[in-house]
Amino acid sequence: MRKVFCAAFVAAMLAGSAMAAPAAHPKAETQALELAKQAIALRSVRGPGNQTPQVAALYKTALVGGGFADADVTITPVDDTVYLIARWPGSDPKLKPLVISGHMDVVEAKPADWKRDPFTPVVENGYLFGRGATDMKLDGTIAIASLIELKQSGYKPRRDIIIEFSGDEETVMKTSAIIAEKLSNADLVLNIDGGGGSLNEQTGKPEYWTWQGAEKTYADFEMTVTNPGGHSSAPRKSNAINQLSAALIRIGNYQFKPEVSDLTRAYFAQAARYEDAETGPAMRVFAENPNDAKAIATLTANPSTIGKIGTTCVVTMINGGHATNALPQRATANINCRIFPGHKPADIMAELQRVAADPAVAFKDVTEGSVANDASPMRPDFTAAVTRAMGIINPGLPVFPSQSSGASDSMWFRYHHVPSYGASPVFIKDSEDFSHGLNERTPISNIAPAITYYLSLFTDLSK
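Just so you know, these numbers come straight off a predicted model, no measurement behind them.

Criteria and cut-off values
Residues numbered from 1 in each chain as written. Predicted model: local features only at pLDDT ≥ 70, side-chain atom pairs only at ≥ 80, totals over all residues. Heavy atoms only, no water. Salt bridge = Lys/Arg side-chain N within 4 Å of Asp/Glu carboxyl O. Helix = DSSP H or I, 4+ residues; strand = E, 2+ residues; numbered from the N terminus. Buried < 20%, exposed > 50% of the residue type's maximum accessible area, 1.4 Å probe, protein only. Disulfide = S-S within 2.5 Å. Pairing = 2+ DSSP bridges. Axes fitted to C-alpha atoms, helices over the stretch in contact; angles between N-to-C directions.

Participant: Would you mind going over the pattern of salt bridges in detail, with residue names and values included?
Facilitator: Tallied over the entire structure, the rule returns 17 salt bridges. For E108, the salt bridge is made with K110, and the minimal N-O distance between the two is 3.9 Å. One salt bridge connects R388 with D460, and the closest N-O pair in it is separated by 3.3 Å. In this pair, R388 sits in helix α11 (residues 380-393) while D460 sits in helix α13 (residues 447-462), placing the two residues 72 residues apart along the sequence. We classify R388 as partly exposed; its relative accessible area is 46%.

Participant: Tell me what's going on with the state of the cysteines, and back it up with residues and numbers.
Facilitator: In the structure shown here, the tally under the stated rule is one disulfide. The disulfide that involves C313 links it to C337, with 2.0 Å between the sulfurs. Between C313 and C337, the S-S dihedral sits near 115°, and the bridge is therefore right-handed. On the criterion of sequence distance, the pair formed by C313 in strand β12 (residues 312-320) and C337 in strand β14 (residues 330-339) is long-range, its members being 24 residues apart. An identical accessibility class is assigned to C313 and C337; each is buried.

Participant: Please provide a residue-by-residue account of the sheet that holds β12, values included.
Facilitator: Through backbone hydrogen bonds, the strands of a sheet pair up, either in parallel or in antiparallel fashion. Overall, antiparallel pairing links the four strands, which are arranged β12-β14-β10-β15 in an open sheet. The open sheet has two edge strands, β12 and β15 (362-365), and neither has a second partner. Taking each pair of neighbouring strands and ignoring which way they run, the sheet shows an average axis angle of 25°. Taken together, the four bridges between strand β10 (residues 217-226) and β15 define a ladder with antiparallel strand orientation.

Spelled out as structure tokens, the structure:
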């Protein structure tokens, strides 16, 4: 009776949505929502009490119950977390596998700050509330339910299909790096933690959908100035804090050369129509001429677009001095950079040194948990498959590529020269994207169309 009630409830919620699709896979839809609720209830946060291993056990139970061989679903402990790899063997062992990539951990959430307990899942007014509802437990369980649906339908893939979940993507990415190295022979990776669709703020209807083909490289550089110091009553012109401050001002006023790639050019040309009357035209002009000064000025002034037109570096931390009545012997600052694909962190650090223009300022790369990676190629088989899959659930919807300013597990696969693409089918309003924030929630009307999308995409890329 409980299962019948859940299925009826999901179908009713979907029927009332502006973006609903016919409920063609009710068993998978119910499983996806129930699994997501169980996963959200597990506090998979790094540190004491980390329940990522329990999330992995939950996912394994679902996969084995859905037809995966127990031996083909492995859970491997790493520090206080785990990672999961499940393999569906294909008929042709000579073909490289298709990898579906996600993560089980979530960002910390303090119950006192939320309207609802972040680890008590709630479905209300057509939304699933809880930490991980958007990033990315619902996405993960939809993919699991879709794979089970595909397997139970009798489909036989030619290439292996592997679904894997890292256990620390939100923090140190140690398991992310391990997985990517183990699966470095993959043909292609579908990262279900990237890409996605935008809903119109007024109507709630889908406006466009983007797949993510690149992301900027994360880097931290430490700047240090040292000095003999001395008594503050006897100041000298050489002052560590003053020197560091002057260098930081020069860096703060500096702009790296704006640039475009084939991927970002396509994004600007398509996404411009959804921007305001000033930003949209600037995006079109910049796509055609990345040296246009007016377009650069407009896009640089907008926090949502400045990161899309090139490398950005900003000071995030400073520390200096050792006593209130002494000249500073040491002053340090951290510069955080998001580097446009195609550039090495060492080259960016060298450019910052030139901008600082003071040999007394020492630079050091202190980046942790990040590696340089280039954009994935715009592969015709992938773009055709996602365009077809999205066309099934949203006929005629604009589909185009995008580049992320943040980091994901795709970084580690691209580091091993494996094409990785963010391809989540979840749609959300920009104003309701609370991933990493308070009161995270996602419309459950995504579930039915997302399963239809995944069934098409998984089939096309594993034939």
